[in-house]
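Here is what each chain is made of, one letter per residue.
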Amino acid sequence: MLKKFVSRLMLILMFVTLASCAGRNDKQTDTPKDGGATSSETNTKDDKKTSSQDGRTTIVFWHSMGGNLNDAIDHLVDEYNSSQDKYFVKAEFQGEYDDALTKIRSSASGKDVGADVVQVFELGTRYMIDSGLIKPIQEFIDEEKYDTSQLEDNLLAYYTVDGKLNSMPFNSSTPLLYYNKDMFDKAGVKPPKSLEEMMTVGKKLKESKVTEMPISFSVYGWWIDQFMNKEGLDIFDNENGRKANPSKTVFEDNKGILNVLKQWKALEDEGIAPNVGKQGGIPEFNSGTSAMTFASTASLTQILSEVGDRFEVGTAYFPAVKDSDKNGVSIGGASLYALNSGDEEKMKGAWDFIKFLVSVDSQIYWNANTGYFPVNKGVLDTDEFKELIKKSPQFETAIDQLHDSKPEDQGALATVYQESRQIMEKYIEEMLNGNTSPEDASKAMAKEIDEALESYNKVNKK
C-alpha cells in the first residue's frame with residue numbers, strides 16, 4: 001500500500017514539474033494563454049451530478065480556449081443546448097493546455113476528474129491513451145457505425161494508434177511560412193522550400209536592401225518536430241512512440257535534430273535568422289522588420305489583422321531542412337476525449353456533443369471564427385468556406401499543405417513530450433547564444449529527454 005502511495009506521489013510531482021516548465025504565448029503556439037475565467041467557467045463539484053436543470057443530463061466540458069476562442073466555444077455550447085432537450089453541456093475553462101492536462105493527470109480515475117469531455121493538446125496524446133481514463137472514440141464509432149469518411153484523414157491519423165481513434169480532432173493546425181510579398185517582389189525571390197534554400201533567398205533579400213532580417217525564427221520546439229517529419233526521421237524509439245511509450249530517443253543515431261541545428265546556426269551566423277528568442281517571430285514580421293516568419297495556420301487571422309494594408313502577406317508550405325527532403329508536416333492543436341466515468345448516460349451525452357462539434361454547421365462556424373482547420377470535409381464545399389477563401393486566399397495554402405501530407409507524416413508521441421519540448425528549446429537557445437555547438441546541443445537534448453523517459457517509465461511500470 002505504501003509502495004503504491006509513494007509511486008502515485010512521485011507521479012503527481014513529476015506531472016507538476018512537467019507542466020511548470022511548459023507553456024508558451026499563443027502567438028507562437030497552439031496553446032491559448034490569453035483567456036481568463038468567463039461566464040462559462042465554473043468549478044463547483046455539485047454540478048457534476050448526472051441530473052441537471054429541466055431533468056437533462058449534465059455533460060461537463062473542460063477546455064482551454066481563452067479570449068475570442070472562448071466566445072466561439074460558448075456559442076457552440078449554447079447552440080448544442082438549444083438543439084435538443086436530453087443533455088445540457090456546461091463548458092468550463094481550465095486555463096492553458098498544460099494546466100488542464102496537469103489537473104487531469106493528478107486524478108486517479110475518470111470519475112474523479114469531474115468532467116465528461118476534455119480538450120487536450122497534441123502533446124498529451126500518449127498520456128491520455130495510456131492513462132486508462134478514456135473511452136476511445138473508436139468504441140463509439142464502432143457501436144454506432146459512425147461514418148468517419150466525412151472527416152479529414154490526416155487529422156484522424158494523428159490520434160489513431162494501433163488502428164484505433166482515441167480522440168476526436170477539434171482544433172487542428174499546421175505551421176506555415178509567412179512572407180512579406182512586397183519585399184519578395186522587390187528582391188525578385190520566391191519563398192524558400194528548405195532551410196538550405198533559405199540561405200540563398202535570405203542573402204538576396206539583404207543584398208536588395210529590403211530588410212536586414214530575412215526571417216524572424218522563434219525558438220520553439222514545434223519547429224523541430226516539423227523538420228524531423230520533413231526529413232522522415234523519428235525522435236523516439238517504438239515507432240516514434242506510436243507503438244508504445246518511448247523508452248529512449250533515436251535522433252542522435254539518425255542525426256535528424258543535428259541536421260536542423262546546423263542549418264539553423266548557419267542561418268544565424270550569416271545574419272539571415274537573428275536570435276529573436278521564444279517570444280519573437282510574429283511581432284517582427286507584423287511590424288515589417290522581417291521578411292519571413294513561421295507561425296501556425298491558426299495565427300493567420302491575427303497576422304492579417306495586425307499587418308492591415310501595410311504590406312501583402314503571403315503564405316507558403318513549411319520548409320524542409322534540405323532540398324532533398326520530400327515528406328509532409330504533422331498537426332498541432334488539440335482534440336476531444338470522452339472520459340470513461342462509468343455513467344453510461346453521461347458517456348452517451350459526451351459522444352452526442354462531440355458529434356455535434358464536428359458536424360458541418362459547427363465546423364463552418366468554428367473555422368470562420370478561429371482560423372483552425374475544418375475537421376469535416378463537407379465544409380470545403382460550402383458557400384461560406386468558399387467565401388472565406390476568397391476573402392483570405394492565404395488560408396488555402398494551409399488546406400493544400402494538409403492534403404499534400406500523408407498519414408505517415410504524423411509526428412511523435414510520448415508521455416514526457418511537454419518536458420521534451422522545453423529541453424529542446426533550452427539547448428537551442430544555448431546554441432544560438434554561442435554557449436554550445438549544434439553537436440553538443442543535440443547530445444544534451446538526447447541525454448535529458450532519455451532521463452525524463454526513464455524516470456516516467458520507472459514510476460509507471462505495468
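Residues numbered from 1 in each chain as written. Predicted model: local features only at pLDDT ≥ 70, side-chain atom pairs only at ≥ 80, totals over all residues. Heavy atoms only, no water.

Enquirer: Just checking my understanding: could you explain the pattern of salt bridges for this structure?
Expert: Close approach of charged atoms allows side chains of opposite charge to pair. What the rule picks out here adds up to 17 salt bridges. Across the pair Glu144 and Lys355 runs a salt bridge, and its minimum N-O distance is 2.9 Å. Remark: Lys355 occurs in helix α16 (residues 344-357) and Glu144 occurs in helix α6 (residues 137-144); sequence separation between them is 211 residues. A salt bridge links Glu454 to Lys458; the nearest nitrogen and oxygen atoms lie 3.6 Å apart. Residue Glu454 and its partner Lys458 are located together in helix α21 (residues 438-459), separated by 4 residues, close to a single helical turn. On the basis of relative accessible area, Glu454 is assigned to the partly exposed category, the value being 44%. Each of Glu122, Asp225 and Arg421 takes part in one network of salt bridges that share partners. (Salt bridge = Lys/Arg side-chain N within 4 Å of Asp/Glu carboxyl O. Helix = DSSP H or I, 4+ residues; strand = E, 2+ residues; numbered from the N terminus. Buried < 20%, exposed > 50% of the residue type's maximum accessible area, 1.4 Å probe, protein only.)

Enquirer: When you look at the confidence of the model for the protein chain in this model, what are you seeing that I'm missing?
Expert: Detailed reading of predicted coordinates is not advised where the pLDDT is low. Mean pLDDT over the protein chain: 88, with 87% of residues reaching 70 or higher. For residues 1-51, every residue scores under 50 in pLDDT, and the model assigns this stretch 123 contacts once sequence neighbours within four places are set aside. (pLDDT = per-residue confidence, 0-100. Contact = heavy atoms within 4.5 Å.)

Enquirer: How do you make sense of unusual backbone geometry when you look at a structure like this?
Expert: A negative phi holds for most residues other than glycine; trans holds for most peptide bonds. Positioned with a positive phi, Asn238 is a non-glycine residue whose angle comes to about 55°. If you trace the backbone, Asn238 turns up in helix α11 (residues 237-241).

Enquirer: Would you explain the nonpolar core in this entry?
Expert: Where a protein is soluble and globular, its nonpolar side chains tend to be buried together. Ranked by internal contacts, the top residues of the largest apolar core, which has 136 residues, are Met128 and Phe217. Per-element accounting of this core gives the leading share, 8 residues, to α21. Setting aside anything within four residues of it in sequence, one finds Phe217 in contact with Leu195, Trp223, Phe227, Trp264, Leu267, Ala273, Val276 and Phe294. (Core = buried A, V, L, I, M, F, W, Y, C linked by side-chain atoms within 4.5 Å.)

Enquirer: Help me understand helix α17 (residues 360-370) in this model?
Expert: Three or more residues of α17 are buried, namely Ser362, Gln363, Ile364, Trp366, Asn367 and Thr370. Gly371 sits one or two positions beyond α17 and adopts a positive phi of about 90°.

Enquirer: I'm lost on the sheet that holds strand β7 (residues 175-180) in this one. Help?
Expert: Backbone hydrogen bonds are what pair the strands of a sheet, in a parallel or an antiparallel way. If you trace the 4 strands from one edge of the open sheet to the other, you get β8-β9-β7-β10, paired in mixed fashion. A strand with exactly one partner marks an edge of an open sheet, and here the two such strands are β8 (213-216) and β10 (313-317). Neighbour-to-neighbour, the strand axes of the sheet open up by a mean angle of 25°, direction not taken into account. Bridge count between β8 and strand β9 (residues 290-296): 3 bridges; the pairing is parallel. What sits directly across from Ser216, in β9, is Thr293. (Pairing = 2+ DSSP bridges. Axes fitted to C-alpha atoms, helices over the stretch in contact; angles between N-to-C directions.)

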